[in-house]
Structures are given as structure tokens and as C-alpha cells.
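# Overview (structure and organization)
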Amino acid sequence: MEDLPFNEDQLDQLKAFTAWCKMQPQTLHHPQLSFFKDFVEHFGGKIPAKTEPKSEKPKEQPKEEPKPEPEEKLPQDVSDSEESVVELDNEGVIEPDLDDPQPMGGDFEKEVSEEDMAQSDEKKREAISQFSEGNLEEAVKLYTEAIMLNPASAILYAKRGQCYLRLKKANACMRDCTRAIEINPDSAPAYKFRGRAHRLLGQWVEAAKDLRKACMLDFDEQADEWLKDVTPNARKIEEHNLKYERKHKEKEQKKLLERARKAREMHQKAEEEKAKAAQDEDSEIPFIFRDPEILKAFEDPEVAAAFQDISKNPANIIKYQSNPKVSAIISKLATKFKGGSGFPFGGGMPGGGFPGGFPGGFPPSGDAGGANSPGASGDDVGLD
């Protein structure tokens with residue numbers, strides 16, 4: 001019988017490798033061990049069919065849909081019913097008028113003739129006279145005629161708004177004053193009367209805003225008196241609103257921080273699961289095949305073919321002594337096993353070394369297959 005070109009330690013390593021394959025045959029399906037699989041099947045051996053590894057992890061329970069977090073109830077003083085928690089003096093507040101909108105004239109940007117202007121001024125004088133006598137409905141009628149002749153006059157709308165204010169028609173007053181402000185943004189009377197109309201409807205903040213503007217444009221004692229009347233209620237609401245906005249912002253900020261915290265936790269958990277999955281996958285792969293250089297070498301068809309040939313007959317190693325590619329990868333593998341790590345079989349393969357032999361490079365040419373080779377043995381190296 002021909003002597004083997006391997007020493008006793010190398011054969012022990014091969015025996016340990018084959019024993020390990022018996023215990024974990026699924027590893028032989030790994031792409032990097034295809035040469036050994038081909039070796040077994042070449043001699044009529046059969047590799048067990050690949051099965052999914054049994055997981056010791058508990059079965060994952062179906063994930064429950066996350067329940068929406070209950071909305072935090074704001075304190076009573078910052079709830080949505082803002083005015084209900086502010087004590088206001090609503091004396092003098094009236095019900096809003098619901099009449100159809102009054103006529104507003106034509107295009108206030110159109111050019112008005114001198115004749116129309118003169119007639120409009122005449123109607124205005126008559127309206128002022130009727131207003132002073134307390135004939136408010138007649139004054140409204142005359143102001144309307146004046147507006148139709150001169151729709152570009154802001155004061156006509158403001159004065160008709162004053163008539164509606166006296167008639168307790170706050171909405172009609174506000175429509176006229178708003179039109180006056182559109183024509184002349186600096187119309188102090190329009191801001192004054194509109195501010196008073198807001199007050200009659202209990203719109204305290206809007207009233208204070210308009211009356212402040214009126215006093216700023218053209219100070220008026222009556223406007224100032226009306227402003228003093230609405231300021232206490234307006235200030236209470238403004239302070240309440242500021243408090244509400246602050247609480248609302250704090251609540252939104254708290255929600256954002258909580259969402260960010262949960263997102264960080266989910267990301268960290270996903271990364272940990274990903275790392276664990278990669279670790280579990282790597283644990284099933286012999287450590288030498290995790291070396292990028294070795295993996296790259298086996299992508300070379302020439303190297304792969306050489307190792308497939310060697311796997312069929314270990315003595316064929318002699319054929320590749322002069323092949324630098326094969327020699328380099330064998331030396332690399334020998335270095336790996338000399339580190340003492342060995343294949344992952346129990347505490348490591350006895351003595352280290354590459355399964356199938358040749359740690360430390362090729363055997364000396366004088367010993368290859370020789371009768372005095374320390375590896376000469378008749379042990380069976382096949383799989384049971």
C-alpha cells in the first residue's frame with residue numbers, strides 16, 4: 001500500500017474534522033466546503049439533505065398593534081374652552097345681527113366724475129343732518145346713495161358704519177368699516193367704530209386691537225374711553241391665551257421628545273437584532289472561511305479546481321507545489337491553524353491544522369508519499 005504524505009498529527013486533525021462533520025452534517029452544505037462535499041459524493045457518499053436549523057428561541061408571539069396613547073388632558077385653565085375658564089364682564093354684549101349684507105357700491109377704484117362727487121357730497125350733508133336728529137334709518141339710506149355715487153370714499157363707509165353701530169347692528173358696522181379700511185388703511189374712524197362693534201359682540205381682544213389702532217392713528221377721547229372699557233377683559237383673555245400656548249408648546253415638545261426616544265430605542269433594538277443574527281450566522285461557518293482573503297482566493301476557478309482535485313485525492317497536493325496561487329492559500333490556511341484556534345469542534349480541533357492535512361505548507365519533496373514519512377498510516381480517512 002502506498003504511504004500517505006501526511007504525518008500523524010495531520011491525520012488526527014482529519015479524523016476530528018470528519019467526526020465533527022458527522023455531528024454537524026449541515027455545515028457541509030456551506031459553499032466554501034463544496035470541495036469536500038464533492039469528495040464525499042465522488043466516492044458514492046451521500047450528504048444529508050439540508051434542513052433548517054432548529055431554533056432554541058421561543059416562538060415569537062404575534063405582535064399586537066400598538067394602542068394609541070391616550071391624549072393627555074390639559075389642566076382646566078388651558079383647555080380648549082378658553083373663555084369658559086376666564087371670568088369676564090359681559091355686561092352690554094348683544095346678540096349679533098343676521099341681516100343680509102348692505103349694498104357696497106361699485107368698484108371703488110374707478111374714476112368718479114366731478115358731478116357724481118358733488119352729488120355724493122350733497123347726500124353726505126343730508127345724512128349728517130338726519131343722523132344728528134336721530135333719524136338713523138334715513139341717515140343709512142342717504143349714506144348708501146352717497147356711496148353709490150362715490151364708492152371710493154372711505155369716510156362714507158365709516159360714517160354709515162357709525163349709523164349701524166347706533167342701530168345695534170354690529171355685523172353691518174364691521175362690514176362697512178372693513179371696506180373703509182380696505183380703501184384707506186389709515187382710517188381712524190373705521191378702526192374706532194369697528195372696535196366698538198367688536199365690543200358689542202363680546203369680541204374683546206379684537207375690540208382692543210382696533211381701538212388701540214384708532215388711538216394710535218388719531219387720538220380720540222371717546223375711542224380712548226372705549227379702549228379702557230374693553231382692556232380688562234381683553235387682557236385676561238390675552239394672558240390666558242399666552243398661558244395656553246405655552247402649555248400647548250410644552251406638551252408638543254414632550255411628545256416630540258418621547259417620539260425621538262422611542263425611535264432611538266427601536267433603532268438600537270433593530271441594530272442589536274441585526275448584529276445577533278449576523279453573529280448566529282457566522283457561528284455556523286468555520287472560522288477560516290470568515291477570512292476575506294481566503295474567501296477571495298476560493299473565488300479563483302484555478303484555486304477552487306485545485307482544492308477540489310486535492311479533496312478527491314490528498315496525494316495530488318504534490319501536483320501544485322509549483323503553483324504560487326495554491327501554495328499561497330495553503331500557507332495561509334496553515335498559519336490560521338497554527339494559531340491554535342482550529343475548527344469549531346468542542347474546544348477546538350486537536351492540535352489545530354487544516355482538515356484534510358498540510359498545515360505548515362507542502363511536505364518536503366523528499367518526504368512526499370515516502371515510506372519513512374511520519375504520516376504514513378493505514379487509517380481510513382473516509383466518512384463513516
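Residues numbered from 1 in each chain as written. Predicted model: local features only at pLDDT ≥ 70, side-chain atom pairs only at ≥ 80, totals over all residues. Heavy atoms only, no water.

## Here's the deal with the nonpolar core
Quick note on the threshold: Joining through side-chain atoms within 4.5 Å is the link that ties buried Ala, Val, Leu, Ile, Met, Phe, Trp, Tyr and Cys residues into a set, and such a set is a nonpolar core. Here the term buried applies to any residue with accessible area under 20% of the maximum for its type, exposed to any over 50%, and partly exposed to those in between, with areas from a 1.4 Å probe on protein chains only. The secondary structure listing takes helices from DSSP runs of H or I that are at least 4 residues long and strands from runs of E that are at least 2 residues long, numbered from the N terminus. Contacts were defined at the residue level, with two residues in contact if any of their heavy atoms lie within 4.5 Å.
Of all hydrophobic cores here, the largest spans 42 residues; its most connected members are L165, C173 and V230. Elements with a minimum of two residues in this core: α3 (114-132), α4 (136-149), α5 (154-166), α6 (170-183), α7 (188-200), α8 (204-217) and α9 (221-283). Residue contacts for V230: discarding those within four places in its chain leaves R199, W204, A207, A208 and L211. In this structure, I310, Y320, I329 and L333 belong to the second largest nonpolar core, which totals 13 residues.

## Considerations on α4
Condition: Any helix carries an expected span of 1.5 Å times its number of residues minus one.
Look at α4: 20 Å from first C-alpha to last across 14 residues, which is about the 20 Å you get at 1.5 Å a residue. Of all the positions in α4, only L136, A139, V140, L142, Y143, T144, A146, I147 and L149 are classed as buried.

## Details of the packing of aromatic side chains
Where we set the bar: For Phe, Tyr and Trp, where Trp contributes only its six-membered ring, two rings pair if their centres lie within 6.5 Å, and the inter-plane angle classes them as stacked under 30 degrees, edge-to-face over 60, or tilted in between. By definition, being over a ring means that NZ of Lys or CZ of Arg is both within 6 Å of the ring centre and within 35 degrees of the ring normal.
Summed over the entire model, instances satisfying the criterion amount to zero aromatic pairs. Between K192 and the ring centre of W226, over which it is positioned, the NZ or CZ distance is 5.5 Å.

## What about the side chain of N150?
Positionally, N150 belongs in the loop between α4 and α5. Those residues in contact with N150 that lie beyond four places of it in its chain are V112, M117, S120 and L156.

## Section: the confidence of the model for the chain
Threshold: A residue's pLDDT is simply how confident the predictor is in it, with values from 0 to 100.
The predicted model of the chain has a mean per-residue pLDDT of 77, with 73% of residues at 70 or higher. In the predicted structure, residues 340-384 sits below a pLDDT of 50 and forms 102 contacts with residues beyond four places in sequence or in another chain.

## Overview of α8
Look at α8: 20 Å from first C-alpha to last across 14 residues, which is about the 20 Å you get at 1.5 Å a residue. For α8, the complete set of buried residues consists of W204, A207, A208, D210, L211, A214 and C215.

## Description of the packing of helix α2 (residues 34-42) against helix α11 (residues 301-312)
Stated formally: Lines fitted to the C-alpha atoms define the axes, with helices restricted to the stretch that makes contact. Angles between their N-to-C directions range from 0 to 180 degrees. Each angle gets one of four labels, with under 35 degrees taken as roughly parallel, over 145 as roughly antiparallel, 65 to 115 as roughly perpendicular, and the rest as oblique. Crossings are sorted by hand: turned counterclockwise from the far helix by less than a right angle, the near helix makes the crossing left-handed, and turned clockwise it makes it right-handed. Each residue gets one of three labels, nonpolar for Ala, Val, Leu, Ile, Met, Phe, Trp, Tyr, Cys and Pro, charged for Asp, Glu, Lys and Arg, and polar for the others, Gly among them.
Here α2 crosses α11 at 40°, and the two axes come no closer than 8 Å. Between α2 and α11, the crossing angle belongs to the class labelled oblique. Considering only the axes of α2 and α11, their crossing is right-handed. In this structure, α2 contributes F35, D38, F39 and H42 to the contact, and α11 contributes F307, Q308, S311 and K312. Looking at the contact of α2 with α11 residue by residue, the classes come out as three nonpolar, three polar and two charged.

## Side note on the pattern of salt bridges
Test applied: A side-chain nitrogen of Lys or Arg and a carboxyl oxygen of Asp or Glu constitute a salt bridge if their distance falls within 4 Å.
In total, this model carries 15 salt bridges according to the counting rule given. Salt-bridge contacts for K192 lead to D220; the nearest nitrogen and oxygen are separated by 3.2 Å. Of this pair, K192 sits in helix α7 while D220 sits in the loop between α8 and α9, and the two are 28 residues apart along the sequence. Between K325 and E302 there is a salt bridge, and its shortest N-O distance comes to 3.3 Å. Taken together, the positions of K325 in helix α12 (residues 324-338) and E302 in helix α11 put the pair 23 residues apart, joining distant regions of the chain. Within the structure, one salt-bridge network assembled from shared partners comprises R196, R199 and D229.

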